[in-house]
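# A look at the structure
Okay, here's what each chain looks like letter by letter:
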Amino acid sequence: MALVKVAELGEIPPGGRKRVLVKRHPIALFHLEDGFYAIDDTCTHAEASLCEGQLMGDQVACPLHGARFDIRTGKALTLPAVTPVTTYPVVVQGNDILVEV
Ligand code: FES
């Protein structure tokens, strides 16, 4: 496991998100009201970018077919997705936001 810097504080406002590549792997970083969360950016149904989806509280809806995922747990909450997305621990160190991969 390694911590990789993906953003800086102030770069992603509350309710915002950022798509980052970590070792060429797309990860969606979300700023929820209680902190930052990172999940695989690619929907487990048919490869859409979840970073481009609609945010609803702590859930994101896939922009392609609308499956909802829990951003905190990665759980697929609605069809057509049934497989969860991987989640990654997020650490804030000083001004840096890091993801453990
Ligand atoms: S690609 Fe995400 S629900 Fe189909």
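As the structure is a prediction and not an experimental result, all values here were calculated from the model. Residue positions are given per chain, counted from 1 along the sequence in the order it is written. In keeping with the model being predicted, local features are shown solely for residues with a pLDDT of at least 70 and side-chain atom pairs are shown and tallied solely at 80 or more, while totals for entire chains, interfaces and linings include all residues. Here the side-chain values reflect all heavy atoms present in the structure, with hydrogen atoms and water set aside.

## Looking at the sheet that holds strand β1 (residues 3–8)
Rules: At least two DSSP bridges between two strands are needed for those strands to be called paired. Numbering of helices and strands runs from the N terminus, with a helix taken as a DSSP run of H or I at least four residues long and a strand as a DSSP run of E at least two residues long. Axis geometry follows a simple rule: fit a line to the C-alpha atoms, using only the stretch in contact for helices, then measure angles between N-to-C directions, giving values from 0 to 180 degrees.
Strand order across the open sheet formed by three strands is β1-β10-β9, with antiparallel pairing between neighbours. Two strands close off the open sheet at either side, each with one partner strand: β1 and β9 (90–93). Taken pair by pair, the neighbouring strands of this sheet meet at an average axis angle of 35°, ignoring direction. Where β1 lies against strand β10 (residues 96–100), five bridges are found, and the strand directions are antiparallel. Residue pairing for β10: Ala-7 is matched across the bridge by Ile-97.

## With respect to the UniProt feature "domain: Rieske" (unreviewed entry) in the protein
Here is the rule: UniProt positions are given in the numbering used here, feature names are shortened, and annotations may be inferred rather than shown by experiment.
Feature annotation in UniProt assigns "domain: Rieske" (unreviewed entry) to the following positions: residues 4–99. In residues 4–99, the share of helix is 0% and the share of strand is 46%. The end C-alpha atoms are 5 Å apart.

## Some details on the pattern of salt bridges
Quick reminder of the rule: Every case where a carboxyl oxygen of Asp or Glu lies within 4 Å of a side-chain nitrogen of Lys or Arg is listed as a salt bridge. Residue exposure (1.4 Å probe, protein chains only): buried if accessible area is under 20% of the type maximum, exposed if over 50%, otherwise partly exposed.
According to the stated counting rule, one finds six salt bridges in the structure shown. Asp-41 is the salt-bridge partner of Arg-19, the closest N and O atoms lying 2.7 Å from each other. Of this pair, Arg-19 sits in strand β2 (residues 17–22) while Asp-41 sits in the loop between β4 (35–40) and β5 (54–56); the two residues are 22 residues apart in sequence, bridging distant segments of the chain. With a relative accessible area of 45%, Arg-19 lands in the partly exposed category. Of the residues examined, Asp-41 reaches a relative accessible area of 1% and is grouped as buried. Connected through salt bridges with shared partners, the residues Lys-5, Glu-8 and Asp-96 form a single ionic network.

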